[in-house]
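Examination of the molecular architecture
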Amino acid sequence: MTHNQNTITNHYQQLQSYERGLIMARQSDGWSCRRIARELHRNPSTISRELKRGTVRQIGANHKPFKAYFADTAQMVYDNHRTACHAVSWVLKAPEFFRQLVIELRRKPRVHSVDSFVHWFKMNQPELPCPSTPTVYRYVDDGRLELTNSGLPMKLRRRVKSSRNPHNRMNKHVLGQSIENRPTIANDRTEVGHWEGDLVKGKRVASEPAIMTLTERTSRYEIIVKIANYHAETCRQALQSVIDDYGSEHFKTVTFDNGSEFADLSQVTGTTVYFAHPYSPWERGTNENQNQLIREFIPKGRSMRSLTIVGIQAIQNALNQRPRRILGYQSAMDVLPDFD
């Protein structure tokens with residue numbers, strides 16, 4: 001069977017000025033659109049639209065109006081349309097958005113990410129133009145804004161996840177109940193009151209201060225507590241104080257990793273502590289993500305001795321007030337308004 005298939009692509013070209021002159025001449029001679037189209041090797045619809053574009057109303061010698069196509073008029077209309085058809089930069093269309101965006105992302109500590117600010121702006125100032133989140137990131141990459149990628153720490157941390165070795169999931173030492181025994185309702189995030197915890201360290205010296213972070217799995221609510229060191233007894237006392245202060249009814253389960261600093265947490269009362277498998281940080285992914293956000297305010301290698309209660313509260317409020325896509329752009333404080 002013989003196939004006759006034309007693989008040549010016909011690229012469309014705009015009408016040229018000489019073609020408009022020919023259209024004017026042929027139209028005045030009474031040619032039809034189709035006849036003119038065949039001569040110019042154009043689609044009849046192209047000729048029809050061109051005649052409509054360049055036809056103007058005139059007054060004849062007998063003072064009677066008539067319509068005629070003029071090539072110069074059609075060319076002028078075409079040139080004006082081409083001048084106005086290019087895309088206008090969002091920087092020009094939405095100056096107020098970008099002014100506020102720069103202020104919010106430079107705030108210390110900052111509440112918003114790029115994505116959360118885009119949606120906050122749309123909800124609070126719907127009458128003003130607002131670009132999409134990918135557009136803002138593209139403008140940052142292109143250097144069109146006062147912001148740079150170095151000002152977006154999470155953007156620079158993105159990397160391909162390494163493969164997970166199932167042999168690493170075997171507990172090498174048992175600190176308490178395994179995460180495998182954690183209730184299904186905690187795994188499904190269908191109930192508030194199940195937490196993940198860890199330490200965020202400045203200098204990696206056991207006698208240096210650190211902060212204990214607790215993240216509620218459903219609402220992403222964050223509690224941050226400064227501790228004098230990261231000895232096991234200090235961590236136990238810190239977690240017990242948090243549970244006693246907030247009320248044990250808010251802490252159904254808490255999940256930590258298998259670090260030696262958490263060796264005494266099974267002695268904590270008022271909740272049930274579970275331990276993730278070694279080398280499995282994804283089993284506490286909510287808390288790990290929050291800790292990455294905290295690193296924007298507390299870089300690695302910097303001592304926390306000067307970190308005050310006021311500074312810790314400011315960081316905690318910034319995280320709990322941040323609108324999150326996974327919460328429908330509500331904040332943790334919106335989901336748990338009475339927790340404070």
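Here is a short report on the structure shown in this document.

Moving on, we get to helix α6 (residues 95-105). If you check which residues of α6 are buried, you get Phe 97, Phe 98, Gln 100, Leu 101, Val 102, Glu 104 and Leu 105. Next to the buried residues of α6 lie α5 (90-93), α7 (114-124) and α8 (133-142).

Turning our eyes to something else, we now look at the nonpolar core. Residues Leu 214, Leu 239, Phe 256 and Leu 265 are the most contacted members of the largest nonpolar core, which totals 26 residues. Of all the elements, helix α11 (residues 232-246) adds the most residues to this core, at five residues. Residues Leu 105, Val 118, Val 136 and Val 140 belong to the second largest nonpolar core, which totals 17 residues.

For the pair α6 and α7, the least separation of the axes is 11 Å and the interaxial angle reads 135 degrees. Relative to α7, α6 is oriented oblique. The interaxial crossing formed by α6 with α7 has right-handed handedness. The segment α6 lies against α7, with Glu 96, Phe 97, Gln 100, Leu 101, Glu 104 and Leu 105 engaging Val 114, Phe 117, Val 118, Trp 120 and Phe 121. Within the contact of α6 with α7, the residues separate by chemical class into eight nonpolar, one polar and two charged.

Parameters and conventions
Residues numbered from 1 in each chain as written. Predicted model: local features only at pLDDT ≥ 70, side-chain atom pairs only at ≥ 80, totals over all residues. Heavy atoms only, no water. Buried < 20%, exposed > 50% of the residue type's maximum accessible area, 1.4 Å probe, protein only. Helix = DSSP H or I, 4+ residues; strand = E, 2+ residues; numbered from the N terminus. Contact = heavy atoms within 4.5 Å. Core = buried A, V, L, I, M, F, W, Y, C linked by side-chain atoms within 4.5 Å. Axes fitted to C-alpha atoms, helices over the stretch in contact; angles between N-to-C directions. Parallel < 35°, antiparallel > 145°, perpendicular 65-115°, else oblique. Left-handed = near helix turned anticlockwise from the far one by under 90°. Nonpolar A, V, L, I, M, F, W, Y, C, P; charged D, E, K, R; others polar.

Geometric values such as these leave the question of function open.
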